Amino acid sequence: MANEKSEYLLEVKNLKKYFPIKGGLLSHTVGQVKAVDGVSFRIKRGTTMGLVGESGCGKSTVGRTILRLLEKTDGEVIFDGEDVFSLTRQELRKMRTRMQIIFQDPYSSLSPRLPISEIIGEAVREHNLVPANEFDDYITKIMKECGLQEYHKDRYPHEFSGGQRQRICIARALALNPEFILCDEPVSALDVSIQAQIINLLRDLQKQFGLTYLFISHDLSVVEHISDTVGVMYLGSMVEFSETEKIFDHPLHPYTVALFSAIPIPDPNYKMKRIVLQGSIPSPANPPSGCKFHTRCEKCMELCKHVSPDWAEVEPGHFCACHLYNSAERNAQLEAEMKQNAAAQVKQAG
Amino acid sequence: MADKNDSYLSARESRRISRENRKITNEFEKKRKRKNVPESEYLTKMHDPDNMVEFDNLHTYFFTDTGVVHSVDGVTFEVPVGKTVGVVGESGCGKSVTSLSLMQLLQRPQGQVVDGEIRLNLGDKAYDVTKAPNDVMQHIRGNVVSMIFQEPMTALNPVFRIGEQIGEVLQLHNTENRSEEEVKQRTLELLEMVGIANSEGVFRMYPHELSGGMRQRVVIAMALACNPRVIIADEPTTALDVTIQAQILDLLRQLKDKTNASIIFITHDLGVIAEMADFVVVMYAGRIVEKGTAEDIFYHPAHPYTIGLMNSKPVVGKKVEELYSIPGKVPNPVNMPDYCYFRDRCEMCVEKCSGKYPETVQISGTHFVSCYRYYEQKQGGK
């Protein structure tokens, strides 16, 4: 059985998610926000992939589409050999126990009216994971694993601090015995010292249960600490993907370089070679032509303004979408195509 | 179930506490509401004329119905002219309350400065802000001291245009008798100064039309409208992305060099502090546990809390297997212990730690720490 399983637990192929913009009298679709526009990656079993990018670049949308909390526009999500989007309702229900999510804000993601045992146990009962007579012990066991005490069971979320609430969220996800957990900015709302506790907890649980994480965050130092591979997103597209060491040691894409140079280093005499990106992220409803980053890129060429770059394996295991790393022939070819297109347009206009 | 009873308070007890509190706060309020307070009452002298602000043994308490919260409990530090002082600490440690005490924007009547002085250098004279009456404070706020808030969306009014909101500050503090036309001119200048290219357009926009970074720029423009001598930046970049954070930090540095203002920079991000601050103050549970120059704090952290804080933050380029996490949690602010507040979480405890709260020890020219571990060093030095 084990031999048949692929090395990768999750594969995302050219995933697209567009949100319609409604307008006009009869609320026609007048445009589309391309929140996710062709993202591909895969995650090995038992590893963590970090997903970074500025706010509004579509990180969370990718996560939610993978879990099928949102329907896709195009592309494929393959979880353990099965296409998530071709499952029927019953099959999806079974799948739900295998992939769980931890939300960013532990204050709004817990129901204030349920005691902790119910928050954690509700889904367990719903899916009939444990017999009724073992239910109580099971919840206690899960809570202990997440650093909660047994007497917390009958309390309500408002009696807990932020860090403990996040532990409850983790316990809720873990109770279903999942293989994959999507962590959507799980530590952004917490203090530094609490952050460390939660990160350590996540790592311990990973070792213990062989979990696979997709870790979404905009805090790069946390991502570097926890991830095995890192994907960088910009305006709905993946611009770079590689192993953590490779990408932090020598980032390729100009956006990644700028992003990493902006990380503040806690050393007062550290000399920064900071690249300050001008302007802000363009609107995803009306993204720039060609390479989406060309409006803010330092190394922008004429080609970048018209032709969007290929998603290519620049070095073994290091993917990047940038014309700078194309071979000379490929660039010449693209340039020729671009000129042809321009000429055709002029002809049409004439 | 012992810890459940700790925070339990009967209704009668709560009423008694709130009655007592009202008595105390009424006293303070009566003092504040007097009219025509002579200047001599709040006139004071700076200990060092090179300092812009001196916090001297500041105590700010909140009189709540569950008891008195000692939010700031004896805080002493200086802000030199043209320098940046970074204040670090976890949430609830009193960083923001310290700065609000300087602005006299505490939530009254519950929040009161109970003891201590905040001396503000006004060039030819110095005022003790804690005793200054409201009408004097109105001139100081915005003109001399101004504040940049954390959340730019809540700091801006959603129903007024950007131009009106910045113009309002200028009109309220109209020291130069500007006409409406001049106010508009100055507003546009301010918008350009904070790096907004399309100043005419932004002038007519509403806050929701701007991105987070742009909004923070507007808030900074508002704070700088009257050329303040002290800028309090209360977590100005916490809600922003790293790339935008880099832009805003750059902007603040440039503006500081241009106007030679002092900045009190409050944050919990040690990386940002290292980049911005000349001096660093580390606060824990309402008290300063360590202060010194940025080099002192980052290269020779002395207090166990500072060391723990440094180790618990992952740093890019430094690989560690497991992050250090400070055990336990902050003590209950209503019932503070009388020994060192950090003792129960400290892994470097010595015998003396069960004694009363440690005094501040000077371990080098600029470096102060409150910890028993350095007592011997001091005595040896003497």
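Reading guide: rules and limits
Residues numbered from 1 in each chain as written. Chains lettered and ligands numbered in written order. Predicted model: local features only at pLDDT ≥ 70, side-chain atom pairs only at ≥ 80, totals over all residues. Heavy atoms only, no water. Helix = DSSP H or I, 4+ residues; strand = E, 2+ residues; numbered from the N terminus. Rg over C-alpha atoms; globule rule 2.2 N^0.38 Å. Buried < 20%, exposed > 50% of the residue type's maximum accessible area, 1.4 Å probe, protein only. Contact = heavy atoms within 4.5 Å. Areas by Shrake-Rupley, 256 points an atom, 1.4 Å probe, with all protein chains shown as cover. Lys, Arg positive; Asp, Glu negative; His and termini not counted. Charge placed at Lys NZ, Arg CZ, Asp CG, Glu CD. Phe/Tyr/Trp six-rings, centres within 6.5 Å; stacked < 30°, edge-to-face > 60°. Lys NZ or Arg CZ within 6 Å of the ring centre and 35° of its normal. Axes fitted to C-alpha atoms, helices over the stretch in contact; angles between N-to-C directions. Parallel < 35°, antiparallel > 145°, perpendicular 65-115°, else oblique. Left-handed = near helix turned anticlockwise from the far one by under 90°. Salt bridge = Lys/Arg side-chain N within 4 Å of Asp/Glu carboxyl O. Nonpolar A, V, L, I, M, F, W, Y, C, P; charged D, E, K, R; others polar. Pairing = 2+ DSSP bridges. pLDDT = per-residue confidence, 0-100. Buried area = accessible area lost by both parts, 1.4 Å probe. Polar contact = N/O pair within 3.5 Å; in protein donor to acceptor, adjacent residues only side chain to side chain. Disulfide = S-S within 2.5 Å.

**Student:** For the overall build of chain A, give the residues involved together with the corresponding values.
**Tutor:** Of regular secondary structure, chain A possesses 10 helices and 12 strands. Scaling as 2.2 N^0.38, a compact globule of 350 residues should have a C-alpha radius of gyration of about 20 Å, and chain A matches this with 23 Å. Referenced to the eigenvectors of the C-alpha coordinate spread, the extents of chain A come out at roughly 80 × 60 × 50 Å. Per-residue burial for chain A yields a buried fraction of 51% across its 350 residues. Put simply, of all contacts in chain A between residues at least 6 apart along the chain, 64% involve residues at least 24 apart. Total accessible area computed for chain A in this model is approximately 16,500 Å², and 49% of it derives from carbon and sulfur atoms. Positive and negative charge centroids in chain A, built from 40 and 44 side chains respectively, lie 4 Å apart.

**Student:** Give a detailed account of the packing of aromatic side chains, specifying residues and quantitative values.
**Tutor:** Enumeration over the complete set of coordinates arrives at 13 aromatic pairs over all chains. On the basis of an interplanar angle of 70° and a centroid distance of 5.2 Å, the ring pair of Y255(A) and F293(A) is categorised as edge-to-face. Separated by 38 residues along the polypeptide, Y255(A) in helix α9 (residues 254-261) and F293(A) in the loop between α9 and β11 (312-315) bring together distant segments of the chain. Take Y255(A) and F293(A): they sit in the same class, and that class is buried. Here the basic side chain of K184(B) rests over the ring of F203(B), its NZ or CZ set 5.0 Å away from the ring centre.

**Student:** I'd love a proper account of the packing of helix α5 (residues 162-174) of chain A against helix α6 (residues 192-209) of chain A, names of residues and values included.
**Tutor:** Residues and elements named next belong to chain A. Close contact between α5 and α6 brings their axes to 10 Å; oriented N to C, the two are set at 20°. The pairing of α5 with α6 is recorded here as roughly parallel in orientation. The chirality of how α5 crosses α6 is right-handed. Between α5 and α6, the contacting residues are G163, Q166, R167, I170 and L174 on the first element and I194, Q197, I198, L201, L202, L205 and F209 on the second.

**Student:** Give me the lowdown on the pattern of salt bridges, citing residues and values where you can.
**Tutor:** Using the criterion set out here, one finds 31 salt bridges over all chains in the structure. The partner of D136(A) in a salt bridge is K153(A), with the nearest N and O atoms 3.6 Å apart. With a gap of 17 residues between them, D136(A) in helix α4 (residues 135-145) and K153(A) in the loop between α4 and α5 connect regions that are remote in the sequence. By relative accessible area, which is 47% here, D136(A) ends up partly exposed. K125(B) is the salt-bridge partner of E39(B), the closest N and O atoms lying 3.1 Å from each other. Of this pair, E39(B) sits in the loop between α2 (11-33) and β1 (43-44) while K125(B) sits in the loop between β5 (111-121) and β6 (126-128); the two residues are 86 residues apart in sequence, bridging distant segments of the chain. Here the salt bridges share partners, and the residues they tie into one network are R45(A), D80(A), R98(A) and E179(A).

**Student:** Lay out the packing of helix α7 (residues 180-193) of chain B against helix α9 (residues 212-224) of chain B in plain terms, naming residues and giving numbers.
**Tutor:** Residue and element names in this part refer to chain B. At their nearest, the axes of α7 and α9 sit 9 Å apart, and the two run at 125° to each other. Taken as axis vectors, α7 and α9 run oblique relative to one another. Judged by the twist between their axes, the crossing of α7 over α9 is right-handed. Facing R186, L190, L191 and M193 of α7, the residues of α9 in contact are V218, A221 and L224. Residue classes in the contact of α7 with α9 are distributed as six nonpolar, no polar and one charged.

**Student:** Tell me about the sheet that holds strand β12 (residues 361-362) of chain B, residues and numbers included.
**Tutor:** Residue and element names in this part refer to chain B. Here eight strands make up an open sheet; going across it, the order is β7-β8-β9-β4-β10-β11-β13-β12 and the pairing mixed. Only two strands of the sheet have a single neighbouring strand rather than two, namely β7 (145-148) and β12. Relative to strand β9 (residues 262-267), helix α10 (residues 242-259) is tilted by about 160°, and along the sheet it contacts β4 (84-88), β7 and β9. With respect to the sheet, helix α13 (residues 304-312) is in contact with β10 (279-284) and β11 (287-293), its orientation differing from that of β10 by roughly 100°.

**Student:** If you had to explain the confidence of the model for chain B to someone new, which residues and values would you point to?
**Tutor:** All names here are of chain B. Averaged over every residue, the pLDDT of chain B is 86; the share at 70 or more is 97%. Taken element by element, the predicted model of chain B shows its lowest mean pLDDT in helix α1 (residues 2-6) (49) and its highest in β4 (94). In the predicted assembly, ipTM is 0.79 and pTM is 0.84.

**Student:** Quick rundown of the pairing of β4(B)? Include the residues and the values.
**Tutor:** All names here are of chain B. Counting buried positions over the five residues of β4 gives five, a clear majority of the element. With five bridges joining them, β4 and β9 adopt parallel strand pairing. For V87, the partnering residue across the bridge sits in β9 and is I266. For β4 and β10, the ladder comprises four bridges, and the chain directions are parallel. The residue bridging G86 from the neighbouring strand is V280, located in β10.

**Student:** Any details on the interface of chain B and chain A? Residues and values, ideally.
**Tutor:** Contacts between the two partners involve 43 residues from chain B and, on the opposite side, 41 residues from chain A. Interface area for chain B against chain A, summed over the two sides, is near 3,700 Å², with a carbon-plus-sulfur share of 54%. Between chain B and chain A we count one salt bridge in total. A salt bridge links K313(B) to D219(A); the nearest nitrogen and oxygen atoms lie 3.5 Å apart. Our enumeration of links across chain B and chain A arrives at eight residue pairs in polar contact (both at pLDDT 80 or more). Breaking the side of chain B that touches chain A down by element, the ones donating at least two residues are α1, α10, α11 (270-276), α12 (294-299) and α13 of chain B.

**Student:** Kindly report on the state of the cysteines, identifying the contributing residues and their values.
**Tutor:** All names here are of chain A. All told, the structure shown has zero disulfides over all chains when counted by the stated rule. Summary of cysteine pairing: C57 is not part of a disulfide, and the nearest cysteine sulfur, belonging to C291, is at 14 Å. You can call C57 buried: its relative accessible area is 1%. With no disulfide of its own, C300 lies 4.8 Å from the sulfur of C304, the closest cysteine sulfur. Accessibility expressed as a relative area gives 28% for C300, which makes it partly exposed.

**Student:** Tell me what's going on with the sheet that holds strand β2 (residues 28-44) of chain A, and back it up with residues and numbers.
**Tutor:** Residues and elements named next belong to chain A. Pairing is antiparallel in the open sheet, where four strands are placed in the order β2-β1-β4-β5. Both edges of this open sheet fall to β2 and β5 (82-83), since each of them pairs with a single strand only. Relative to β5, strand β4 (residues 74-79) runs antiparallel, the two being bridged by two bridges. Bridge pairing in β5 places F79 opposite E82. Here helix α1 (residues 59-66) sits on the sheet in contact with β1 (8-23), β2 and β4, set at roughly 115° to β1.

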